[in-house]
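Analysis of the macromolecular model
These are the residues of each chain, in order.
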Amino acid sequence: RFVYTLTAPPGRLDEQFTEKLVHLPYAMSFKTDPDAPDVGPLPALTRGHFTFGSLNRPNKISADCIALWARVLKAVPDARLLVGAVSEAATAERLLAQFAAAGIGPERLDLRPRLPTRDYLALHNEIDLLLDTFPYAGGTTSNHALWMGVPTLTLAGSTLAQRLGAGIMGKVGLSDWVAESEDEFVARAQGAVADLPALASLRQSLRERLMHSPNLSTAKVADSVALAFRIMWQRWCAGEAPQPIILPRFEA
């Protein structure tokens, strides 16, 4: 099975698979939207409050996820949370009830409906920092956010699905946005709010970072897969037993 090294570090998730893993250095190619709006300034600098956000599908927002986000909102009392893709009344009622049970009132929540692609991308200009979902992390959503200048604070877990966010942040050198525990998740959220100039500077650099990320090169992804198949074939021809393959980074 092929996995991305930053999502599934060698030896960390191997026991969860019946196959031997092939760890690829370039495995998360992402096609940006040519019609995406420009990256706007950090909203918190002019709005007077910090805005956390989630633009993942609402069915990814688990009860444990809400409990952790509520901790973040309590740790940053003036902050608000914008949640996108909430188009059904039943979904809105569920979220409001769950946050209320966790001690967060509706005045701190901003629920938005599902939007056309360009409007959805523009919505990032109202968000300072995204909070990732778990146990199933964001994928395309987190990549879109990077293109719009918004990092995603993600909670690294012990499964491939939850570590997807760690891989996406890691591919552009944002390992600081990968928390290994819930306490660290809250602390990193507080740290972001405490240093708005740094977050504003990062926001303006992310699109450029993504543009120069080797993971946007489909050629590098294809070459790494081709090399992996070549190694598998050579080992099979030599009569060797299947073993994990860890490919180094290389120039295409």
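Scroll up a little and you will see the structure.
For clarity, every value in this text was computed on a predicted model and none was experimentally measured.

1. Description of the overall build of the protein
Broken down by element type, the protein carries 9 helices and 9 strands. In terms of overall dimensions, the protein is globule-like: its C-alpha atoms have a radius of gyration of 19 Å, near the 18 Å expected for 252 residues. The 252 residues of the protein split such that 48% are buried. Sequence-distant contacts in the protein: of pairs separated by 6 or more residues, those separated by 24 or more amount to 75%. Within the structure as shown, the protein displays about 11800 Å² of accessible surface, and the carbon and sulfur contribution to it stands at 55%.

2. Focus on the sheet that holds strand β7 (residues 152–155)
Taken in spatial order, the 6 strands of this open sheet run β5-β4-β3-β6-β7-β8, and their pairing is parallel. Each end of this open sheet is capped by a strand with a single partner; those strands are β5 (109–111) and β8 (178–179). Bridging between strand β4 (residues 80–83) and β5 involves 3 bridges; their strand directions are parallel. When the sheet's bridge partners are listed, V83 is paired in β5 with L111.

3. As for the packing of aromatic side chains
Inspection of every chain in the model, using the stated rule, returns 3 aromatic pairs. Ring geometry for F50 against F52: centres 4.8 Å apart, planes inclined by 55°, an arrangement best described as tilted. Accessibility classification places F50 together with F52 in one group, the buried group. Positioned above the aromatic ring of Y26, the side-chain terminus of K220 is 5.0 Å from the ring centre.

4. Focus on the nonpolar core
One finds F52, L81, W177 and F185 to be the most contacted residues of the largest nonpolar core, which totals 60 residues. Among the elements that take part in this core, helix α2 (residues 63–75) stands out by supplying 7 residues, more than any other. The contact partners of F52, leaving out residues within four places of it in the chain, are V72, L73, V76, A79, R80, L81, L82, I127, L129, L131, A189 and V193. Of all hydrophobic cores here, the second largest spans 6 residues; its members include V22, L24, I231 and I245.

5. Some remarks on empty space enclosed by the protein
All chains considered together, the criterion is met by 1 cavity of 30 Å³ or more. Taken as a whole, the largest cavity encloses approximately 40 Å³ of empty space. Taken together, G53, S54, L55, N56, L130, L131, D132, T141, S142 and T152 make up the full set of residues lining the largest cavity. When grouped by side-chain class, the residues that make up the lining of the largest cavity number 3 nonpolar, 6 polar and 1 charged.

6. Considerations on the layout of surface pockets
The computed volume of the largest pocket comes to approximately 250 Å³. Lining the largest pocket we find 14 residues, and of these L55, A85, R114, Y120 and T141 sit closest to its centre. Broken down by element, the residue count for the lining of the largest pocket peaks at 3 residues, all from helix α5 (residues 140–147). In terms of residue class, the lining of the largest pocket is made up of 6 nonpolar, 5 polar and 3 charged. In this model, the second largest pocket occupies a volume close to 190 Å³. For the second largest pocket, the full set of lining residues is R1, K20, V22, M232, R235, W236, E240, A241, P242, Q243 and I245.

What counts, and where the lines are drawn
- Residues numbered from 1 in each chain as written.
- Predicted model: local features only at pLDDT ≥ 70, side-chain atom pairs only at ≥ 80, totals over all residues.
- Heavy atoms only, no water.
- Helix = DSSP H or I, 4+ residues; strand = E, 2+ residues; numbered from the N terminus.
- Rg over C-alpha atoms; globule rule 2.2 N^0.38 Å.
- Buried < 20%, exposed > 50% of the residue type's maximum accessible area, 1.4 Å probe, protein only.
- Contact = heavy atoms within 4.5 Å.
- Areas by Shrake-Rupley, 256 points an atom, 1.4 Å probe, with all protein chains shown as cover.
- Pairing = 2+ DSSP bridges.
- Phe/Tyr/Trp six-rings, centres within 6.5 Å; stacked < 30°, edge-to-face > 60°.
- Lys NZ or Arg CZ within 6 Å of the ring centre and 35° of its normal.
- Core = buried A, V, L, I, M, F, W, Y, C linked by side-chain atoms within 4.5 Å.
- 1 Å grid on protein atoms, 1.4 Å probe; cavity = no way out; pocket = protein on both sides within 12 Å on 5 of 7 lines; lining within 4 Å.
- Points joined across faces, edges and corners; volume = space filled by probe spheres on them.
- Nonpolar A, V, L, I, M, F, W, Y, C, P; charged D, E, K, R; others polar.

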